[in-house]
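Per-entry structural report
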Amino acid sequence: MEDFLAISDFSSDELKTLLEESRSLKALYKSGQRDLCLAGKNLAMLFEKPSLRTRISFQVAMTDLGGSPIYVKPEDIGGIGKREPVKDIARVLSRYVDGIMARTFEHSTVTELAKYADIPVINALTDWSHPCQAMADALTISEHFGQLEGLTVTYVGDGNNVARSLAFAAAKLGMKLIVASPAGYELDVESIQEANGLAPDCVTQTNDPKAAVAGADVIYTDTWVSMGQEDEKEKRRREFAGFEVNSDLVAAAPEHVKIMHCLPAYRGFEISDDVTESPNSIIFDQAENRLHFQRALLRKLMS
Ligand code: CP
Ligand code: NVA
């Protein structure tokens, strides 16, 4: 494993091993022990967008493993690809540090970094995908259900970066994903076809959220307005009416259904406050598991 840019780049076995390693490192750290396998190593963390979970969990994971994270705001380096080409940033950082993680608008920025860097590059969210999130989500689902195979995850909302990475996680890890979105906001057909090419019929799409949750083990949602789409906020909020994950929608799902959200959550829009805070919500386990998955990922890529 050289870079971590997309779930579809890895085999099911590689992904399952990473989940297994996340579980064992989680247990190790919960028991108060440490694995200082990244002592003396540095990770450059480049961000074009805000972040609470990704930034802090990567920073803590790196420190936990004995290494040093270096947080870089876009303005610190004059913008990624603005003061100098992305390919030059990749080659310069390769001379200083042992890994790069990047959160960018354009997906091509992370692929360009990976092309020119001779150190591992991690996708920490782009407009196209959020693979670290989907792997932490799979870890969380497996902890709550004891398995992933055969489970149905219903994603209600925007067919966005988070939905796309979940589709590939579902395909690789044996889950079914139903995506329920308003017309015009569906997950793109190419991504669905690609996921279904890996595991036939693992991803389906509908415009009917109630029908979509009828057999759900998990209901998952994300913001209707992703970072960079702020100008479309009012339009999107109008067009997503009827897609809130609220108690009415949850009542249409099986009683055992778990509620997930990658956060940040906009209560009263894609999810109601009572559902966020309900006993079925595993949202904060999900947020915690970003740390546990990323420790395993950093150890795999950088030690
Ligand atoms: N879920 C997630 O990636 O959160 P941040 O944007 O806070 O990193
Ligand atoms: N879809 C959201 C995810 C935030 C973690 C965004 O890209 O802003």
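What comes next is a walk through the structure. The structure presented is a predicted model; accordingly, all values stated were derived computationally and were not measured. (Residues numbered from 1 in each chain as written. Chains lettered and ligands numbered in written order. Predicted model: local features only at pLDDT ≥ 70, side-chain atom pairs only at ≥ 80, totals over all residues. Heavy atoms only, no water.)

Re the environment of Thr 154
Considering the arrangement of structural elements, one finds Thr 154 in strand 5 (residues 152-156). In contact with Thr 154, not counting residues within four places along its chain, are Ile 178, Ala 212, Val 213, Ala 216, Val 218, Ile 219 and Tyr 220. Among the polar contacts listed, one links the side chain of Thr 154 to the backbone oxygen of Ala 212, at a separation of 2.8 Å. (Helix = DSSP H or I, 4+ residues; strand = E, 2+ residues; numbered from the N terminus. Contact = heavy atoms within 4.5 Å. Polar contact = N/O pair within 3.5 Å; in protein donor to acceptor, adjacent residues only side chain to side chain.)

Side note on a nonpolar patch on the surface
A cluster of nonpolar residues, Leu 52, Ile 56 and Val 60, forms a patch on the protein surface that exposes about 250 Å² of accessible area. Looking at the secondary structure, you find Leu 52 in the loop between strand 1 (42-47) and helix 2 (53-64). Using a relative accessible area of 54% as the deciding quantity, one classes Leu 52 as exposed. (Patch = residues over 30% accessible without salt bridge, like charges linked within 9 Å, V, L, I, M, F, W, Y side chains within 5 Å. Areas by Shrake-Rupley, 256 points an atom, 1.4 Å probe, with all protein chains shown as cover. Salt bridge = Lys/Arg side-chain N within 4 Å of Asp/Glu carboxyl O. Buried < 20%, exposed > 50% of the residue type's maximum accessible area, 1.4 Å probe, protein only.)

A short note on the site of ligand 2
The environment of ligand 2 is made up of Leu 125, Asn 160, Asn 161, Val 162, Asp 222, Thr 223, Ser 226, Met 227 and Leu 263. The contact in question runs from a nitrogen atom of ligand 2 to an N or O atom on the side chain of Asn 160, over 3.3 Å. Interatomic distance of 2.6 Å between a side-chain N/O atom of Asp 222 and a nitrogen atom of ligand 2. When the free accessible area of ligand 2 is taken as 270 Å², the share hidden by the protein chains comes to 94%. Per-class residue counts for the shell around ligand 2 are four nonpolar, four polar and one charged. (Near = heavy atom within 4 Å. Nonpolar A, V, L, I, M, F, W, Y, C, P; charged D, E, K, R; others polar.)

Digging into the side chain of Thr 221
For Thr 221, the location among the structural elements is in strand 8 (residues 218-221). For Thr 221, a relative accessible area of 1% puts it in the buried group. Among the polar contacts listed, one links the side chain of Thr 221 to the backbone oxygen of Val 156, at a separation of 2.7 Å. Those residues in contact with Thr 221 that sit more than four places away from it in its chain are Tyr 155, Val 156, Val 245, Met 260, His 261, Cys 262, Glu 270 and Ile 271.

A word on the site of ligand 1
Lining the immediate environment of ligand 1, one finds Ser 51, Leu 52, Arg 53, Thr 54, Arg 103, His 130, Gln 133, Cys 262, Leu 263 and Arg 290. Here an oxygen atom of ligand 1 sits 2.6 Å away from a polar atom, N or O, in the main chain of Leu 52. Within the side chain of Arg 103, a nitrogen or oxygen atom sits 2.7 Å from an oxygen atom of ligand 1. Coverage of ligand 1 by the protein amounts to 95% of the 250 Å² it exposes when considered alone.

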